[in-house]
Each structure stands twice: as structure tokens, then as C-alpha cells.
Amino acid sequence: MLSSIFTVSLAQSAIELGCIYALVALALFVSFSILNIADLSTDGCFTLGCAVCAMVTLQGHPFLGLLAATGAGVISGFVTAFLQTRLGVESILAGIIVNTGLYTINIAVMGFSSTINLFANDTIFTLAKDNKKARIIMGIVIVILIVAVILIWFLGTRLGLSIRATGDNAFMVRASSISPVFTITVGLCVANAMTGLSGGLLAQYQRSCDINIGTGQVTIALASLIIGETLVGKGHVAKRIFGVILGSCLYRFIVAIALRFNVPAECLKLVSSIIVAVAISLPYLKQKAAFAKTKRAAIAKRKRGGNL
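Residues numbered from 1 in each chain as written. Predicted model: local features only at pLDDT ≥ 70, side-chain atom pairs only at ≥ 80, totals over all residues. Heavy atoms only, no water.

## Some thoughts on the overall build of the protein
On a plain count of helices and strands, the protein comes out with 12 helices and two strands. Reading the protein from its N terminus to its C terminus gives the helix and strand order α-α-α-α-α-β-α-α-α-α-β-α-α-α. The C-alpha atoms of the protein give 21 Å as radius of gyration, which agrees with the globular expectation for 308 residues (19 Å, within 12%). In the protein, buried positions account for 46% of the 308 residues. Restricting to contacts in the protein with at least 6 residues of sequence separation, those with at least 24 account for 79%. A total accessible area of about 15600 Å² is found for the protein, and carbon and sulfur atoms account for 67% of it. Counting 24 positive and 10 negative side-chain charges, the protein places the averaged centre of each group 18 Å from the other. (Helix = DSSP H or I, 4+ residues; strand = E, 2+ residues; numbered from the N terminus. Rg over C-alpha atoms; globule rule 2.2 N^0.38 Å. Buried < 20%, exposed > 50% of the residue type's maximum accessible area, 1.4 Å probe, protein only. Contact = heavy atoms within 4.5 Å. Areas by Shrake-Rupley, 256 points an atom, 1.4 Å probe, with all protein chains shown as cover. Lys, Arg positive; Asp, Glu negative; His and termini not counted. Charge placed at Lys NZ, Arg CZ, Asp CG, Glu CD.)

Written out as C-alpha cells, the structure reads:
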């Protein structure tokens, strides 16, 4: 029974999708954990990257499609930051406004069609043909060795440290003659660039694009982020980034197991919601369990003292 559920193909699929979606989780790590900004434009930005990459890939340029998807994400992040920093819109409202506007932009990019088919076109994954192991290695190289390493390096630079300081205390940053407007703009551009790249990778991975493909990405990324922080804990940046990637792969592994139990397609959103709810509740439940353990130990110690 267990051997039919935990198969090699399931693990390979979870790692592949986990690495691709880890970029969205890393984007949320930058915006939510570092900048302390709730960026709700993630869903629309993911679809934007997917649509832009799909359209460029249709013209026979898969690698250029990934670069275009990343650039589209940068533009989305800039608009979100502009609304927050220059027009005084609250971060949540700015994300909602951009996400709503991106729906029309995305469907326009897709030629006012709800779906795009790439099965007749080459993608970066067709280089591996039917070799799943090669696709996994390619995904790991793209996500971990390139993006994660660059992100770790970037957050250790002077600009990266300024972005991290902005999330901790924007007033202190301003007092240090550093513009929070600039650091927030750069931070959101970097975050949305990774989101756009993730959408582009997924478009080429599944060789299609759908206008609703980004729905729920922000909650799934948040779940991956929290799962990673719960398992790995907080510490230096490299450790936290590793935890985010691990959390994304683990989330995809849980979803894949749910599919193995023949969960109906119409119930998959419910399963995802339950996983997200459990992931978000884990830190609180862990804290409550630690408190209950301490309380029981204190009661037991008091009883022993009374018996003496």
C-alpha cells in the first residue's frame, strides 16, 4: 500500500514543482518576511510571467521567454511599490489594485484568449526529453544554484542590508540618509521578478498557460514559507532560504500524496486550503504545546515539593 503511494515518480514530481514554486515562496520571503509588506499582487504577477513567457516561447525563444517573464515581474513590482511609496496607498490595497488590473493585462498579453498551448513548441525542458532526472537537475540548478545563491549574495550587500533594515525600522533607515522609498521599490521589484520567473518556468514545464493559473499562489507561498521556518527555524539568511525551498517541496509532496488517494479535482482547492491552514497554525500550536509542557513540569515539581 505504502509503496504504491510513495513512489519515485511522486518524489520527482514534488521536487520539480517544489523548485519551480519555491521562487514564489522566496518572493514572499523578501516582501513579507524581510520588508514586512503584504504583497497581494503575487497571483496576478505569477500569471503575468506565465503569459509573457508563453507568448515569447510561441515565437521560438524559450530562454528569452524566461527573461521576459522576469522583466514583466519587475514592472509589476515597480507599479506596486509606486502606489505605496509615491501615492500613499496601503500595501494591502496596492497589491489588490495591481492584482485586479493585471487580470485585464494578462488576458491582453495572451491575445484575449483564456489559454495558450505550447505542446508544439520547444521549451527549456524539452532539452531533457523524457528524462525526469535531468529535468529535476535543471530545476534545482535554476532555482537553487542560480536564484538562491544570487539572493543570498544580494541580501548581504550594502543595498540588501538596507532593504533588510527597512523592514525592521524604516525610520532608522531614513535617519541614516537611506531612502526607504528606494529600498522598498528595489525589494518589491526583486520579489516580483522571482514570481514572474516562476510563472514562466511553470508555463514551459506544463507547456500551457491559463488565465487563472495564479489563483491562490500567495496563500500557497505563505504556507511554504511557514512550513520552512517551522522545520528549519530562523537564523542567517542562507538557512532561511534553504528552509523556504524545503517547505515548498514538502508542500508539493503533501499535495501529490492527496492526489494519490484519488481526491476529486473539485476538492483539490479544499485540500490546499486545509494544508495552508495547518501550516499557518503550526507555529501557534508549537508554542501552545511548549507552554503546556512547561506548565505540566511546573505542576509536577510543585507536587514533589509538597510531598517533601
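Now that the structure is up, let's keep going.
## Regarding a nonpolar patch on the surface
A surface patch of nonpolar side chains, amounting to about 480 Å² of accessible area, comprises Ile-75, Phe-78, Val-79, Phe-82 and Leu-87. You can see Phe-82 is positioned in helix α4 (residues 62-85). By relative accessible area, Phe-82 is classed as partly exposed at 38%. (Patch = residues over 30% accessible without salt bridge, like charges linked within 9 Å, V, L, I, M, F, W, Y side chains within 5 Å. Salt bridge = Lys/Arg side-chain N within 4 Å of Asp/Glu carboxyl O.)

## Some words on the pattern of salt bridges
Scanning the model with the defined rule gives one salt bridge in all. Arg-240 is the salt-bridge partner of Glu-229, the closest N and O atoms lying 3.8 Å from each other. Of this pair, Glu-229 sits in helix α10 (residues 217-232) while Arg-240 sits in helix α11 (residues 237-260), and the two are 11 residues apart along the sequence.

## Points about the side chain of Asn-192
Along the polypeptide, Asn-192 turns up in helix α9 (residues 180-206). Separated by 3.2 Å, the side chains of Asn-192 and Asp-39 make a polar contact. With near-sequence residues (within four places) excluded, Asn-192 lies in contact with Asp-39, Ser-41, Cys-45, Gly-73, Val-74, Ser-76 and Gly-77. (Polar contact = N/O pair within 3.5 Å; in protein donor to acceptor, adjacent residues only side chain to side chain.)

## Quick word on the packing of helix α2 (residues 8-34) against α9
Close contact between α2 and α9 brings their axes to 8 Å; oriented N to C, the two are set at 165°. Taken together, the axes of α2 and α9 are roughly antiparallel relative to one another. α2 and α9 meet at a crossing whose hand is left-handed. Contact with α2, carried on its side by Glu-16, Leu-17, Ile-20, Tyr-21, Leu-23, Val-24, Leu-26, Ala-27, Val-30 and Ser-31, involves Gly-187, Leu-188, Ala-191, Met-194, Thr-195, Leu-197, Ser-198, Leu-201, Leu-202 and Tyr-205 of α9 and no other residues of that element. (Axes fitted to C-alpha atoms, helices over the stretch in contact; angles between N-to-C directions. Parallel < 35°, antiparallel > 145°, perpendicular 65-115°, else oblique. Left-handed = near helix turned anticlockwise from the far one by under 90°.)

## Things to note about the environment of Cys-189
Mapping Cys-189 onto the fold places it in helix α9. Note on Cys-189: relative accessible area 13%, which makes it buried. When the C-alpha positions of Cys-189 and Gly-77 are compared, they lie 4.4 Å apart, and in sequence the two are 112 residues distant. Discounting residues that sit within four places of it in the chain, Cys-189 has contacts with Val-74, Gly-77 and Phe-78.

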